[in-house]
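Working through the structure, step by step
Each chain is listed here by its residues.
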Amino acid sequence: MKIIVELGLDTKQELLALGLFAEEQEAYANQNPVLDSELKKATKRETFKSDFGSAYVTKITNSTYDKVLVLSLGKKSELTLEKIRRAASRIVRYMQAANIQGATTNIVEMIAGAKLFSPIEIGRSFSEGLVLSEYVFDKYLSKPKIKKIDAVVISWQGDKKEFEKGIASGRIISENTNYTRALVNEPAEYMTPEQIEREALKLKSKNVKVTVLGKKLLEKEGMNGILSVGKGSVHEPRLIILEYNGGGKEKTTAIVGKGIAFDSGGLHVKPYGAMEEMKCDMAGAVAVIGTIKTASDLGLKKNIIGLIPTCENMINGEAYKPGDIIKMYNGKTVEVMNTDAEGRLILADAITYAEKKCKADEIIDLATLTGAVVVALGYYTAGLVTNNKELGEKLVLAGDASYDRVWMFPFHEEYQDMVDGDASDLANISKKQDRIAGTIVGGVFLSKFVDKAKLAHIDIAATAYLKEGKEYNPKWGTGAGVRLLTYYFME
Ligand code: BES
Ligand code: ZN
Ligand code: MG
């Protein structure tokens, strides 16, 4: 989709998208009496309301536009950056539904008129809404159901340079989110650990170094968490290391992504209904790839290390078994009480590696870790468990700003012994009380693998893969984590 900025509306486009604030219902009366009277009728018929998002499609007589979409922007004082994304999204969704390839709009100018946000913020949010809404997973359809949009022309009379900067950064963030979504949506048959490695290797550049530890090196290092989980698969496990050097001078942050290419549950095999979507269990891994790519494309002045432990959780004669005791990379022993609690085992080794080898003092992991997070928070907020409240609060703020939101769970002392072992140091699920506080228990387990580093664990099991789309998030892979971490690094 081209996003074009012009001084006025582009009369050559098929669709005109007009914005209307609740306080300015008469805004179009002077410009166009026909539209004004139509709007009045529509309001009377209650087909158009002043609440944000209410839309009305009409025509203007004697105009070049095929259709006019009037979108209510709600009350001026209640405008937010998220509403700007959603307004852009509504335009794209309408175009997709009505099979329209070109539009022009005054909405952004109306928004700027409210004087609540900078041109950069407006540009970024609007282009995020447009580009994020463009993504559809139709690669495997013989015939795509939705035609690609050609252009959206934005009329804008303010500071063009700043505004276009915002448009450009929003596009980078969103295209990389779309790329991440596409990787999540690939069937596991194709998106194997070796394919995840190939995707990571594509990032190799002046600023990004990519190293891969294969099975042999993992054995040499004693990374038995990753090795054990991967034992039952024909695809060999690996640890992928991405180093982005943006010339940052402060702390080194490591971002770690769970890369289970497919989660059958292992010998504690998942039942029918629970396994079908498990190609998404590498969503954290590809969100790390997407975030590093975004940081590099934006040229963020930060140093970020991406770590991706990846393997498949499968079953064959060599698969790891309930009751096995694994000696982890940091030397602690873990009893496998449930082979389906595999994510924490591969992440634990990667987290140890982040602190010990990469000297990271701040570690953030993204993982589709627990079904429990769906129960706790539903589909629109990820769960956060951290040993450092300050880091947690920063992530919550980045979540609110990007709207890739997270909610902080407690980390009270009473939870800290829940993964204590019996014949081993630790167990991979709670031996004391099964099925309670599942998401927190996952985070507590991971925290046992840091020494001094701050750790923030983000459980994206509910947000990374949706059954139903909403606003600019499509159904299936959402790219959760990419916008969150990008906003976090942009500050
Ligand atoms: N990959 C799953 C979690 C998951 C569930 C991701 C739903 C996406 C959607 C994870 O490996 C898992 O199986 N977790 C178990 C943990 C339990 C055994 C402690 C779960 O949530 O049931
Ligand atoms: Zn899993
Ligand atoms: Mg599992």
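Structure report, in brief. Remember, predicted model here, so these are calculated numbers, not experimental data.

Rules of the game
Residues numbered from 1 in each chain as written. Chains lettered and ligands numbered in written order. Predicted model: local features only at pLDDT ≥ 70, side-chain atom pairs only at ≥ 80, totals over all residues. Heavy atoms only, no water. Donors = N, O, S within 2.8 Å, 3.2 Å for Na, K, Ca; no water. Tetrahedral: all angles 85-135°; square planar, octahedral: opposite > 155°, others 65-115°. Helix = DSSP H or I, 4+ residues; strand = E, 2+ residues; numbered from the N terminus. Buried < 20%, exposed > 50% of the residue type's maximum accessible area, 1.4 Å probe, protein only. Patch = residues over 30% accessible without salt bridge, like charges linked within 9 Å, V, L, I, M, F, W, Y side chains within 5 Å. Areas by Shrake-Rupley, 256 points an atom, 1.4 Å probe, with all protein chains shown as cover. Salt bridge = Lys/Arg side-chain N within 4 Å of Asp/Glu carboxyl O. Lys, Arg positive; Asp, Glu negative; His and termini not counted. Charge placed at Lys NZ, Arg CZ, Asp CG, Glu CD. Axes fitted to C-alpha atoms, helices over the stretch in contact; angles between N-to-C directions. Parallel < 35°, antiparallel > 145°, perpendicular 65-115°, else oblique. Left-handed = near helix turned anticlockwise from the far one by under 90°. Contact = heavy atoms within 4.5 Å. Nonpolar A, V, L, I, M, F, W, Y, C, P; charged D, E, K, R; others polar. Pairing = 2+ DSSP bridges.

Protein ligation of the magnesium ion (ligand 3) involves Asp263 (OD), Asp340 (O), Asp340 (OD) and Glu342 (OE), the donor distances falling in the range 2.0 to 2.2 Å. Every donor counted, the six donor atoms about the magnesium ion (ligand 3) form angles of 70 to 169° at the centre, which fits irregular coordination. Of note, the magnesium ion (ligand 3) draws all its donor residues from one chain, in the sequence arrangement D-x76-D-x1-E. The metal-metal distance between the magnesium ion (ligand 3) and the zinc ion (ligand 2) is 3.1 Å, with Asp263 serving as a donor to both. Of this pair, Asp263 sits in strand β10 (residues 259–263) while Glu342 sits in the loop between β13 (333–335) and α10 (343–356); the two residues are 79 residues apart in sequence, bridging distant segments of the chain. Note on accessibility: Asp263 and Glu342 belong to one class, buried.

Here we come to a negative patch on the surface. On the surface, Glu413, Glu414, Asp417 and Asp420 cluster together to form a negatively charged patch. Secondary-structure assignment places Glu414 in the loop between β16 (406–408) and β17 (426–427). Using a relative accessible area of 59% as the deciding quantity, one classes Glu414 as exposed.

Quick look at the packing of helix α4 (residues 119–134) against helix α14 (residues 482–490) now. Their axes nearest at 15 Å, the elements α4 and α14 cross at an angle of 160°. Taken together, α4 and α14 sit at an angle that is classed as roughly antiparallel. Here α4 runs over α14; the crossing is right-handed. For the pair α4 and α14, the contacting residues are Arg124, Glu128 and Leu132 in the first and Arg483, Tyr487 and Met490 in the second. Grouping the amino acids of the contact of α4 with α14 by side-chain chemistry returns three nonpolar, no polar and three charged.

So, on to the sheet that holds β13. Spatially, the three strands line up as an open sheet ordered β12-β13-β17, and their pairing is mixed. The open sheet is flanked by β12 (325–327) and β17, the only strands paired with a single partner. Strand direction decides the pairing type here: β13 and β17, joined by two bridges, are parallel. Directly across from Glu335, in β17, lies its bridge partner Ala427.

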